[in-house]
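# Breakdown of the fold
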Amino acid sequence: MNRRLPVVVFGFAFVSLIAGSVGGKEADKAAPRPAWTTSKIFGSPDKPEPYRIAPAFARLRFQKPSSLEELPGLGRLLVTEMDGRIYTFTSRSDTAQADLAIDLRKALPADLTNGRLALFDAEPHPKFRENRQVFVTYVHPGQGGHTRLSRFTLSADSPPTIAADSEQVLLTWPSGGHNAGCLEFGLDGMLYVATGDGSGPNPPDGLTTGQDVSDLLGAILRIDVDHPAANQPYGVPADNPFVGTKSARPEIWAYGLRNPWKFGIDPQSGDIFAADNGWETWELIHKIVRGGNCGWPVMEGRAVLRGDVPVGPTPILLPVKDHPHTEANSVIGGPVVRGGKLPGLAGAFVYGDYITGTIWAIQPDREGSYAGSTLCDTDLRIVGFLEASGGELYVLDYDFTGQIYELLPSDVPDTSATFPRKLSQTGLFQSVENLLPAPGVVPYSVKVPRWEDGAAAQHWVAIPGQGKITLSTSPTESAAYPEGTVLVKHLTLPQGDIPLETQLLHFERGSWRPYSYLWDENGRDATLVSSLGASRTIKPSEPGSDLPERTWHVNATNECKLCHNAGPGFILGFTAQQLDLASPAVGQLASLSQQGAIVAASPLPASDPARLVDPSDKSASLDDRARSYLHANCAMCHHPGGNAIVSFFLRRDLPFEKLNTNKGTGIGTFGMREAKLIVPGDPYRSVLMYRMTKLGYARMPYIGSRVVDSAGVSLIEEWIRSLPGEAAEGNSAPATPGTPEAKALADLTPAGVSKLFATSEGSLALALRLHHGDVPESAVRTVSSAAKDLPSDRRGLLDTFLPEAERRQTLGPTVDPAPILRLSGDANRGKLIFFSDGARCRNCHELDDRTKSLGPTLVEILKKFPTAAELVPHVLQPSLKIDEPVAAYTALLADGRIISGLVAEQSETEVVFKTAEKQLVRIPRKEIEELRKSPVSLMPERILADLTPQEAADLVAYLRTLAR
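This structure is a prediction, so every number in the text was calculated from the model and none was measured. (Residues numbered from 1 in each chain as written. Predicted model: local features only at pLDDT ≥ 70, side-chain atom pairs only at ≥ 80, totals over all residues. Heavy atoms only, no water.)

Across its full length, the chain carries 18 helices and 45 strands. Taking as baseline every contact in the chain between residues at least 6 positions apart, the subset at least 24 positions apart corresponds to 60%. For the chain, the computed accessible surface area is about 39,000 Å², with 52% contributed by carbon and sulfur atoms. (Helix = DSSP H or I, 4+ residues; strand = E, 2+ residues; numbered from the N terminus. Contact = heavy atoms within 4.5 Å. Areas by Shrake-Rupley, 256 points an atom, 1.4 Å probe, with all protein chains shown as cover.)

Right under this line is the structure:
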């Protein structure tokens, strides 16, 4: 079939340039595009989220606001900005101007005005109407820099101001990255203060302070600001947990936290909930209790992180909710809602995520644990919340718009029953099987495609009607897209011309929504994947092929949003720099303009620091090629506005000296001597090189790729080697052919390989040599097989050369229960797996609430399969025996749609399906052409595939405790 046009050049996935994009003469021939009128992509495949956001004060914008508060009795709200300004404004929706109360930077002594100042939070006193006191936390540049808690007085003027000389410093602690700084008064009148661990993102708890109660770091403090002690401007409540404990700071109420940027206090019960930023894997919600130990850094949530750190004076308490980094990346706490405007949230702790923009709530359930729900999915860079006295729940955006939004009940229509479940139903293609686009759907190519695990990509842009995209040539300015625009990327595995996945980005109601369609094995159509993602086994395409089986992974929705968010500007490929396929810009940019897809972008200047080049183009400079590759594959996270853990940058327009790579890294040096992120001249000591060469733990990119790009790592190795630098200790020159690793590469005998395997640098050097492609296949197999006995980090450098079946012995595709049943499980370890979503049981099965469970509850399952010998085969092979109440059905509808799920109800007039997303969809019988019972269980096959046999045995041991 002639359905795709993949071209793979030296490992980079490229597609042929479209007609009209390679030169001025051909561009002149570009015909205006017809209107795109066939779109069926409206709304969402899921039931509408229960809430939405809307601008609360549409005429107000702030510069990097950090907190939002209400001033009692004044009818005013207060906003702090990170740079040190505090504003107040009248809380009316038509307010057009905020009034400056104080600029803390201008209040600094003249010799400190260029020092670092960062303003985190402000909190009015409970008796503000009487004393006008406002408490503020900020980083002050004096004395080398410190975080301080200060009391200020707001004037009685209209508008009110804050006099700098009213400041009374109450408390200070070291600043050094994680400062937290949230302030809240409790029902007891005490001021609760959040402090961070005083470290940057890396290494985890660099000061090893989280379990140390002898300092104020990594804690929630509780102080009395109204009754100062004789020797300090505040008092310590006598019932604080560590009063009288030797060497402990008595101000500490709870500890073991990393960076609890915001927390909330229940205005009825006084319960405290904090959102704490995790490290590389988890984001955490803790219930804060007297003397509570939240575990950092011994634990990152429920997972052991630094077992070398002694536990503090009280036992570690697990979080009440955690989110893997596929769901969240920087959680921001909000209030415990008690107002009357959103009665459905009464008693819920509301919080959001700075990176993904998602807003959640947790509420206690009858089992005493906390059930979570998604309230709203936004594009905001959420930095704070406020429940106002009128019951309004406000959401503060940091730097996407800098505005304040209100959370409101949703008015979005339910389109879940009509959203296209098949790619052929989207209206994007006249023929899906041949990938013939519909009229008005325009193909385009990117100059530097991302590495897609060996897949080749094709791109289209679809704009409803004859609308146009307004494109900017500035790398920091976003384009303007018409409502309903869809960007399409289709991925094909060139070996065998196998269609894999078609990805969509859909712009509607001001938000970008990602969807993926997974192709079936016969290559005729693709099916919409749920928000949880999916996997497909790719088998050799031709009889006798020696290509091993491999797994293609489709990202979960929030994995997509970790790259496509407000930070890098949502759209990564449809930019002037990526579309500028000719120089000057007379090629694709002009062609797209003439076709009516874009409003013409001005030509890119030849000296544009953001200009990209084709990484495989040997005529371009090595620096341009490598920097372009890193920009396309890494800069969506590694940019100055990136997520909380990003500490260096790889954006193309930044000069090398501003990339912040001349330093170590908190994730570790993997045993490399004198390692830094990038060691100019020496790839074998460069952590960036190590991480992009390995699989497993600490791989980069950590989402979206499970295969190492041989051409990419070879390019970056060559680039690092070319950078002027200094030698490592004991070497005459950095990474030259005379270094020990380079010399050892000449000897690939078993003895020589063992010598290289003895060090991290040698293992990396050997892996890079194999990626060059000049080592015989037999030697590659010998070396990679021998690596299976290495420690996990070094083993990961060679795993990519092994077929998947020969890597770490997870259950993978196996359905044999014997490896699990012959092991003794540990229920405590299994509990960690269960609650960290390692087994995904909780996605469908509630503990004992049938109304919320998809199919039977866990208690029901465990009653039916009480022994491990009965339970394990059922989990591994859910389709072996399917009872009628949990049988899946598929309805083929007259309009071509397909609905699948459990039959929850049926009558003579309609059938009610419960879908895999636990949503009820009502279908009139007159619309159903055929109702089929599926021979396959709705429970996914291979649900334990990522666990080792021991981990699975531990999980089963824990599950069995739930039925007792």
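Our next topic: the pattern of salt bridges. Going through the model one piece at a time under the given rule, you end up with 27 salt bridges. For D94, the salt bridge identified is with R92, shortest N-O distance 3.3 Å. A relative accessible area of 45% means that D94 is categorised as partly exposed. Judged by relative accessible area, which is 48%, R92 ranks as partly exposed. The salt bridge involving D271 is made with K287; its shortest N-O contact spans 3.8 Å. Placement of the pair is D271 in the loop between β16 (262-265) and β17 (272-276) and K287 in strand β18 (residues 282-288), with a sequence separation of 16 residues. (Salt bridge = Lys/Arg side-chain N within 4 Å of Asp/Glu carboxyl O. Buried < 20%, exposed > 50% of the residue type's maximum accessible area, 1.4 Å probe, protein only.)

To continue, consider the packing of helix α6 (residues 622-634) against helix α8 (residues 710-722). Running from amino to carboxyl end, α6 crosses α8 at an angle of 130°, the nearest separation of the two axes being 9 Å. As the angle between them shows, α6 and α8 are arranged oblique. Along this stretch, α6 crosses α8, giving a crossing that reads as left-handed. Together, L622, D623, R625, A626, R627, Y629 and L630 of α6 and G712, L715, I716, E718, W719 and S722 of α8 make up the contact between the two elements. Considering only residue class, the contact of α6 with α8 consists of seven nonpolar, two polar and four charged. (Axes fitted to C-alpha atoms, helices over the stretch in contact; angles between N-to-C directions. Parallel < 35°, antiparallel > 145°, perpendicular 65-115°, else oblique. Left-handed = near helix turned anticlockwise from the far one by under 90°. Nonpolar A, V, L, I, M, F, W, Y, C, P; charged D, E, K, R; others polar.)

Further remarks concern α8. Note that an α-helix has 3.6 residues per turn; residues three or four places apart therefore point the same way. For α8, spanning 13 residues, the distance from its first C-alpha to its last is 18 Å, which sits close to the expected 18 Å at 1.5 Å a residue. Considered for burial, the residues of α8 that qualify are A711, G712, V713, S714, L715, I716, E717, W719 and I720. Capping the start of α8 is the job of one residue whose side-chain oxygen sits 3.3 Å from the backbone nitrogen of A711: D709. (Expected span 1.5 Å × (residues − 1). Polar contact = N/O pair within 3.5 Å; in protein donor to acceptor, adjacent residues only side chain to side chain.)

Note that the residue after S158, namely P159, is joined by a cis bond; omega there is 0°. Among the secondary structure elements, P159 is positioned in the loop between β10 (146-153) and β11 (168-174). Of note, the amide linkage connecting W296 to P297 takes the cis form, showing an omega dihedral of 0°. Considering the arrangement of structural elements, one finds P297 in the loop between β18 and β19 (299-300).

Moving on to α6. Here α6 contains 13 residues, and its C-alpha end-to-end distance of 18 Å stays within 8% of the 18 Å for a straight helix at 1.5 Å per residue. Buried residues of α6: L622, R625, A626, R627, S628, Y629, L630, A632 and N633, and no others.

Pairing is antiparallel across the open sheet formed by four strands, whose spatial order is β4-β5-β6-β7. With one partner strand each, in any of the chains shown, β4 (65-71) and β7 (99-103) form the two edges of the open sheet. Within the sheet, the average angular offset between the axes of one strand and its neighbour, ignoring direction, is 20°. (Pairing = 2+ DSSP bridges.)

With that settled, the discussion passes to the state of the cysteines. Here the structure, examined in full by the defined rule, presents zero disulfides. The thiol of C634 is not disulfide-bonded; the next cysteine sulfur, from C637, is found 8.8 Å away. Judged by its relative accessible area of 21%, C634 falls in the partly exposed class. (Disulfide = S-S within 2.5 Å.)

Next up on the list: the side chain of H323. Inspection of the secondary structure puts H323 in strand β21 (residues 321-324). Only 2.7 Å separates the side chain of H323 from the side chain of Y351, close enough to count as a polar contact.

A separate point is the packing of aromatic side chains. Under the defined criterion, the tally for this structure stands at 20 aromatic pairs. Chaining the aromatic ring pairs together yields one cluster made of F57, F62, Y87, F89 and Y394. (Phe/Tyr/Trp six-rings, centres within 6.5 Å; stacked < 30°, edge-to-face > 60°.)

Let us now look at the sheet that holds strand β34 (residues 486-493). One open sheet holds the six strands; their spatial order is β31-β32-β34-β35-β36-β37, and the pairing between them is antiparallel. Each end of this open sheet is capped by a strand with a single partner; those strands are β31 (441-444) and β37 (526-528). Going across the sheet, the axis of each strand differs from the next one's by a mean of 25°, ignoring polarity. Two strands pair when backbone bridges link them, and β31 and strand β32 (residues 456-462) are joined in this way by four bridges, in the antiparallel orientation. Bridged to P443 within β32 is W460.

On the secondary structure map, V304 appears in strand β20 (residues 303-304). By relative accessible area, V304 is classed as exposed at 59%. Along the backbone, V304 and L832 are 528 residues apart, and their C-alpha atoms lie at a distance of 9.5 Å. Apart from residues no more than four positions distant in its own chain, V304 is found in contact with V298 and M299.

This part takes up the packing of helix α10 (residues 750-757) against helix α11 (residues 760-771). α11 packs onto α10 with a crossing angle of 125° between their chain directions and a minimal axis gap of 6 Å. Relative to α11, the element α10 is oriented oblique. From α10, V753, L756 and F757 reach across to α11, where they touch G762, S763 and L766. Residue composition of the contact of α10 with α11, by class: four nonpolar, two polar and no charged.

Checked against the element boundaries, K914 lands in strand β43 (residues 910-914). You can call K914 buried: its relative accessible area is 13%. Separated by 11 residues in the primary sequence, K914 and V903 have C-alpha atoms spaced 6.2 Å apart.

Moving on: the side chain of S44. With respect to the helices and strands, the residue S44 is situated in the loop between α1 (24-28) and β3 (51-55). A polar atom in the side chain of S44 sits 3.0 Å from the backbone nitrogen of D46. Among residues more than four places away in sequence, those in contact with S44 are T415, S416, F419, R513 and Y515.

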